[in-house]
Amino acid sequence: MLETVLMVVDFIVCIALVAAVLLQSGRGGGLSSSFGGGDGAFFGKGNDLDTVMSKATIVLGTLFGVITLALAKLNA
């Protein structure tokens, strides 16, 4: 029962994560802008859509990883 609920939640989080990644606009600078070469929009001030979607991607990715590891532990 718990495994089924976690699988459904994992699927929903997976779809939301894909949507969050696809809704982000391109950065232009690639990975170098994330490591100090950018304008600070990744963790900077403001509530524009890109900042919100970046933070949502981090949260959803972490949640997806935790749920997937929990499912693996339950099935082992």
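What you see is a predicted model; the values in this text were computed from it and never measured.

A. Structural view of a nonpolar patch on the surface. On the surface, V8, F11, I12 and I15 cluster together into a nonpolar patch covering about 410 Å² of accessible area. Secondary-structure assignment places V8 in helix α1 (residues 2–22). Residue classification places V8 among the partly exposed positions, given a relative accessible area of 47%.

B. Quick look at the nonpolar core. Formed by L6, V13, L17, A20, M53, L60, I67 and L71, the largest nonpolar core amounts to eight residues. Where this core is concerned, the elements lending two or more residues are α1 and α2 (49–75). Apart from the residues within four sequence positions on either side, A20 is in contact with M53, T57 and L60.

C. Broad picture of α2. With 27 residues, α2 ought to run about 39 Å at 1.5 Å a step, and its terminal C-alpha atoms sit 38 Å apart, in line with that. Those residues of α2 that are buried are in contact with α1.

D. Structural context of the environment of I12. By secondary structure assignment, the location of I12 is in helix α1. Of the residues examined, I12 reaches a relative accessible area of 53% and is grouped as exposed. In this structure, the C-alpha to C-alpha distance between I12 and F64, residues 52 residues apart in sequence, is 9.4 Å.

Scoring rules and cut-offs
Residues numbered from 1 in each chain as written. Predicted model: local features only at pLDDT ≥ 70, side-chain atom pairs only at ≥ 80, totals over all residues. Heavy atoms only, no water. Patch = residues over 30% accessible without salt bridge, like charges linked within 9 Å, V, L, I, M, F, W, Y side chains within 5 Å. Areas by Shrake-Rupley, 256 points an atom, 1.4 Å probe, with all protein chains shown as cover. Salt bridge = Lys/Arg side-chain N within 4 Å of Asp/Glu carboxyl O. Helix = DSSP H or I, 4+ residues; strand = E, 2+ residues; numbered from the N terminus. Buried < 20%, exposed > 50% of the residue type's maximum accessible area, 1.4 Å probe, protein only. Core = buried A, V, L, I, M, F, W, Y, C linked by side-chain atoms within 4.5 Å. Contact = heavy atoms within 4.5 Å. Expected span 1.5 Å × (residues − 1).

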